[in-house]
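So the chains spell out like this:
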Amino acid sequence: MTTATATQPAGWEQRFSQSAHRMTSSIIREILKMMSDPELISFSGGMPAPEVFPIAQFQEATQRVLEQDGRRALQYSVTEGYPPLREYLAAKMRQDGADVRAENILIVNGSQQALDFLGRLFLDPGDAVLTGNPTYLGALQTWSTYGARFATVPVDEDGMRTELVDGVLAGSECKFAYVLPNFHNPAGVTLSAPRRQVLLEAVARRGTPIIEDDPYGELRFEGEPLKPLVAYDPERVLYLSTFSKTLSPGIRLGWIAAPAPVLDKLVLVKQASDLHTSILIQMVAYDLVKQGVMEPLVQQIRALYRQRRDVMLAAMEERFPKGVSWTRPQGGLFLWVRLPEGLDSMRLFRKALEEKVAFVPGQVFFPNGGGANTLRLNFSVSAPEVIREGIRRLGKVLAEALG
Ligand SMILES: Cc1ncc(COP(=O)(O)O)c(C=O)c1O
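Since the structure is predicted, the reported quantities are computational estimates derived from the model, not experimental observations. (Residues numbered from 1 in each chain as written. Predicted model: local features only at pLDDT ≥ 70, side-chain atom pairs only at ≥ 80, totals over all residues. Heavy atoms only, no water.)

Re the pairing of strand β9 (residues 254–257)
Then, number 1: Neither face of β9 is open: one carries Gly254 and Ile256, the other Trp255 and Ala257, and all of them are buried.
Then, number 2: Pairing geometry for strand β2 (residues 105–108) and β9, over four bridges, is antiparallel. Its bridge partner being in β9, Ile107 is matched across the sheet by Trp255.
Then, number 3: Of the strand pairs in this sheet, strand β8 (residues 237–242) and β9 are connected by four bridges, and their pairing is antiparallel. Looking across to β9, one finds that Tyr239 is bridged to Ala257. (Buried < 20%, exposed > 50% of the residue type's maximum accessible area, 1.4 Å probe, protein only. Helix = DSSP H or I, 4+ residues; strand = E, 2+ residues; numbered from the N terminus. Pairing = 2+ DSSP bridges.)

This is how it looks when you write it as structure tokens:
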């Protein structure tokens, strides 16, 4: 005898967790999908120039690591990270004035993973985070899944307007302040030295920690480097950086420097998440560092991006209509464009696609709305002649929109 059981649909939507329901597809992913059109000139991604990837050096380093220490490179390893790499990163941070030891460093799969872990460590649904307005979309995305709210402070030519931080902290208890000190993504601006002081004093008064996210600090092509926030207050500032904008983003290698109580917890979070970052990749990266690859590579990247920024700025000067303004970044990958009030860059985005040029509409970087008349342009990835042509196309779209 057979018993018939009616099959039920799995009902996936109802089974997803609350945090899964908070995940939304970003426009960035939608834009990446369109990148396959060979005629499209894209200023939308945040990608490094692939022509400077040190491919041959990677090949040699991988071979050396496997020959000299292959059994270790292919075995499970410790969660904290490869000790010599941690030593190297701590020493590098000490050169920048931060009192950091190897024990304060956790190696992660890119700084995006550190942002996620910090969300997991600090955020309960409804908690507030202080951010610039605009700010890095990847941070908004990951912290939104933990149910974060965002208390924002405007960003201008000198970075976050830190004179407003105290008032925002007074109005809203924030778990931490998220700061992009150098060559801000998306705004391209750098937090000035006086504002760094104002920020440090404001958070010290309220006891608020800072997350200092610094993927672009090394990519300064003019002006004097400024001391990182962590150099002033290593007990309050959690510092994140990455090899993504120097060696390669594909290797997914970054780090966080944090005081012992935070680092100990982060190690537990990482252990539960993925045990450890690829030890092979860590050993290869350390080998590259030891071979002296970084310094000339960073010099090469700075020269290349500086040239591309200059080409883009000159083309914008020539092609963009009156009433449009933009930032002049001293480093990094991005330019930030402001259109006259009333123009909507999301609508212009569709027109731009018809002209086969893409950017990121600025409003996606504003957690609580606004910014419709802004957009982000990347200058690192396109060759000069492509930049000129793309800006010509964009200039046409803007001129039409402005009548
Ligand atoms: C401000 C900022 N933080 C973090 C990241 C993530 O970088 P990673 O490749 O190290 O995960 C990026 C990448 O573009 C970024 O711009």
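Next comes the rest of the description.
Describing the packing of aromatic side chains
Then, number 1: As enumerated under the stated definition, the model contains 11 aromatic pairs in all.
Then, number 2: Note on Trp143 and Phe176: the rings are 5.0 Å apart at their centroids and 70° apart in plane angle, and the pair reads as edge-to-face. Remark: Phe176 occurs in strand β6 (residues 174–179) and Trp143 occurs in helix α7 (residues 137–145); sequence separation between them is 33 residues. This pair shows no difference in class: Trp143 is buried, exactly as Phe176 is.
Then, number 3: The ring of Tyr232 carries Lys227 above its face, with NZ or CZ at 5.3 Å from the centroid. (Phe/Tyr/Trp six-rings, centres within 6.5 Å; stacked < 30°, edge-to-face > 60°. Lys NZ or Arg CZ within 6 Å of the ring centre and 35° of its normal.)

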